[in-house]
Amino acid sequence: MKNLRIKLLISLIAFALVLVAVIFYFNRQILTSDIKKQEVMNRTLIENHILTDMQTVDNAHFYFDKTLSEKMETVLRNLITYYEENPHIAKWDLEKIKNEHGMDVYILDQSNTVIYTTFEKDKGLNFSQCCTRFSALLDERRISGEYYVDGIDISTTTGGYRKFGYLATPDKKYLFEVGIDLLKDPVFQTFNFEKTADYLIDKYADLLEVQTITAGGVFFEDSKSRKTVNDQSKIFQEHYKMAKETMKPTEYQKEFENGYIEKYRFLPYEAEAEKIRGESSKRVVYVKYGNFTEIRALTKNTKQFRILLFIALVTSFIMLLVINKLLSKTIHLATYDPLTNVYNRATYIRKMGNLLRKRKTNQPGLLLLDLDNFKQVNDRFGHVEGDKILIETARTLKREVGKNGFVVRFGGDEFAIVLYDTEDEYMEKLAHSILEKIHHLKFADKISVDKWSVLSVSLGGAICSHPDESERSLFERADKALYQSKNAGKDQYTIYEEVTVEGES
């Protein structure tokens, strides 16, 4: 009865779990698919916005900083004139020149090393060592002898936003360079890509970072620290290089605990309006995404699943109570003997079959028991009195076997005890204890002493020591042992030793 209820409960819970799991699975698949589609749409919008705004900023600087470029050219040509009159540049007062024009002054020798400058952090910087491509470009500019101006650029040492102009001396010995801080420029303050990046990061929860990287691998930042691609991980460097060389977007991602994922995208960019300005027009936009929206949605979905699961489990328990109420009597009758309340033959067959199938190193045992002369009790004292004896016998057997096995009534005065794991000595000890307890009942109940006095008990046992022995074979051996006890004079115990396995001759 108890096992049947457990199985029924397990079945109901399993059905509820399967139903909820199927609903949850398909619901989660649909939700995940929708989230992925929304992520793709958002990323397309974000990246289009980024590239469009960057182009707008570059165009604005190209068309609106003409005056600034002309001013930088004037300063550089004045420096060339001054150089022709005073070629000993070591004696120049660069700070005075800076104060006159509001621009930092740089003087580079033929190795592209900054030998003199008003911007102390760049003094001694050798472009041929740190930035080979840019150094080659400087060589070209020196040879041409023409004036060059870059677009939005950054300081190699600080990473700050700056603008530079270049002009070589007529003898090609030096390359003069002037630069200004764009953060102080009104045009840059109006058309600032960082504003777009900050706006997008505030708008989209999954957008974590937007950075612009020069062709030389330096990050555009207004911070005082210089940040380069070489400071990043190897995989970061590989994808940056791939995006720069193929001019196609690349990406990779990292997975962290609790389902958190970061995706790193590299978008190549070249300013159409500024191609004539050299390396500063070529950049890679680095965008980092998280999946917070997905995690929040899936976490909410998981909470809903737990609530649904709880409801399903509660419903299963309620259904079990209802079914148990309706079928409890039927289930009990199908499992137990109605008179003695021990297991019936059908339950014995099922439980013994399971016990033999699942056995490992254990040795199940079967002890058969008959009440000798029981028919005389029914004939002399009536069936009611006979039933009382059967009930008391069953109660005695259950007490004796305890948790080591279970008691079965096959019908009439025939009982059996199934032991889960036993040995000859234990089975013999149990049998003699049962004999003793039955003998004791003859004298313990003075009212029924006459009824008990005509009875004795015969027992036969067999132990399943062969791994392939069937229930039928075990029962036949125990039954033979029982009849050996009866034939030997009854009121005793016999164990059958010979093992007969089905299929063997």
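Residues numbered from 1 in each chain as written. Predicted model: local features only at pLDDT ≥ 70, side-chain atom pairs only at ≥ 80, totals over all residues. Heavy atoms only, no water.

The name given to the protein chain in an unreviewed UniProt entry is Diguanylate cyclase, with Lysinibacillus zambalensis as the source organism.

**As for the pairing of strand 8 (residues 250-255)**
Note that strand 8 and strand 9 (residues 261-270) share 6 bridges and pair antiparallel. Across the sheet, the residue bridging to Tyr252 is Tyr264, located in strand 9. Connecting the antiparallel pair strand 8 and strand 9 is a turn made up of 5 residues, with Asn258 showing a positive phi of about 60 degrees. (Pairing = 2+ DSSP bridges. Helix = DSSP H or I, 4+ residues; strand = E, 2+ residues; numbered from the N terminus.)

**Some words on the sheet that holds strand 7 (residues 207-214)**
If you walk across this open sheet you meet the 4 strands as 7-10-9-8, and the pairing is antiparallel. Both outer strands of the open sheet, strand 7 and strand 8, are each paired with one neighbouring strand and no more. Averaged over all pairs of adjacent strands, the angle between strand axes in this sheet comes to 15 degrees, irrespective of strand direction. Sheet topology places strand 9 next to strand 10 (residues 282-289); 8 bridges connect them, and they run antiparallel. Looking at the pairing, Leu267 lines up with Val285 of strand 10. Packed on one face of the sheet, helix 8 (residues 234-246) meets strand 7, strand 8, strand 9 and strand 10 and runs near 160 degrees to strand 8. (Axes fitted to C-alpha atoms, helices over the stretch in contact; angles between N-to-C directions. Contact = heavy atoms within 4.5 Å.)

**Focus: the confidence of the model for the protein chain**
Any segment with low pLDDT has predicted coordinates that should not be analysed in fine detail. Looking at the protein chain as a whole, its pLDDT mean stands at 85, while 87% of the residues score no less than 70. Mean pLDDT in the protein chain bottoms out at helix 6 (residues 186-190), which sits at 57, and peaks at strand 13 (residues 414-419), which reaches 96. When the criterion is pLDDT under 50, residues 273-278 qualifies, and its contacts beyond four places in sequence or with other chains add up to 23 contacts. (pLDDT = per-residue confidence, 0-100.)

**What to know about the UniProt feature "transmembrane region" (unreviewed entry) in the protein chain**
UniProt annotation of "transmembrane region" (unreviewed entry) refers to residues 6-27 and 305-323 when read in the numbering used here. End C-alpha atoms of residues 6-27 are separated by 31 Å, and the span's content is 100% helix alongside 0% strand. Taken end to end, residues 305-323 has its terminal C-alpha atoms 26 Å apart, with 100% of it in helix and 0% in strand. (UniProt positions renumbered as here; feature names shortened; annotations may be inferred.)

**A few points about a positive patch on the surface**
A grouping of Lys7, Arg350, Arg357 and Lys358 is seen on the molecular surface, where their side chains present a positively charged patch. The residue Arg350 is located in helix 10 (residues 345-357) in this model. Note on Arg350: relative accessible area 38%, which makes it partly exposed. (Patch = residues over 30% accessible without salt bridge, like charges linked within 9 Å, V, L, I, M, F, W, Y side chains within 5 Å. Areas by Shrake-Rupley, 256 points an atom, 1.4 Å probe, with all protein chains shown as cover. Salt bridge = Lys/Arg side-chain N within 4 Å of Asp/Glu carboxyl O. Lys, Arg positive; Asp, Glu negative; His and termini not counted. Charge placed at Lys NZ, Arg CZ, Asp CG, Glu CD. Buried < 20%, exposed > 50% of the residue type's maximum accessible area, 1.4 Å probe, protein only.)

**Points about the sheet that holds strand 13**
Reading across from one edge, 12-13-11-14-15 is the order of the 5 strands in this open sheet, with mixed pairing throughout. Strands with a single pairing partner mark the edges of an open sheet, and in this sheet they are strand 12 (405-411) and strand 15 (493-495). Sheet twist, expressed as the mean angle between neighbouring strand axes with direction ignored, is 20 degrees. Bridge analysis of strand 11 (residues 365-372) against strand 13 gives 6 bridges, and the strand direction is antiparallel. Opposite Leu369, over in strand 13, you have Phe415 as the bridge partner.

**Observations regarding helix 12 (residues 383-401)**
Along its 19 residues, helix 12 runs 27 Å from first to last C-alpha, staying within 8% of the 27 Å computed at 1.5 Å per residue. Buried within helix 12 are the following residues: Glu385, Gly386, Ile389, Leu390, Thr393, Ala394, Thr396, Leu397, Glu400 and Val401. Immediately beyond the C-terminal end of helix 12, within one or two residues, lies Gly402, with a positive phi of roughly 55 degrees. (Expected span 1.5 Å × (residues − 1).)

**Observations concerning the packing of aromatic side chains**
In the structure shown here, the tally under the stated rule is 25 aromatic pairs. Taken together, a centroid distance of 6.1 Å and an interplanar angle of 50 degrees make the contact between Phe406 and Tyr420 tilted. Placement of Phe406 in strand 12 and of Tyr420 in the loop between strand 13 and helix 13 (424-444) is noted, with a sequence separation of 14 residues between them. With a relative accessible area of 33%, Tyr420 lands in the partly exposed category. Aromatic ring contacts, followed pair by pair, group Phe219, Phe236, Tyr252, Tyr264, Phe266 and Tyr286 into a single cluster. The ring of Tyr289 has Arg43 sitting right over it, with the charged end atom 4.6 Å from the ring centre. One residue, Lys351, lies across the ring of Phe406, its end atom 5.1 Å from the ring centre. (Phe/Tyr/Trp six-rings, centres within 6.5 Å; stacked < 30°, edge-to-face > 60°. Lys NZ or Arg CZ within 6 Å of the ring centre and 35° of its normal.)

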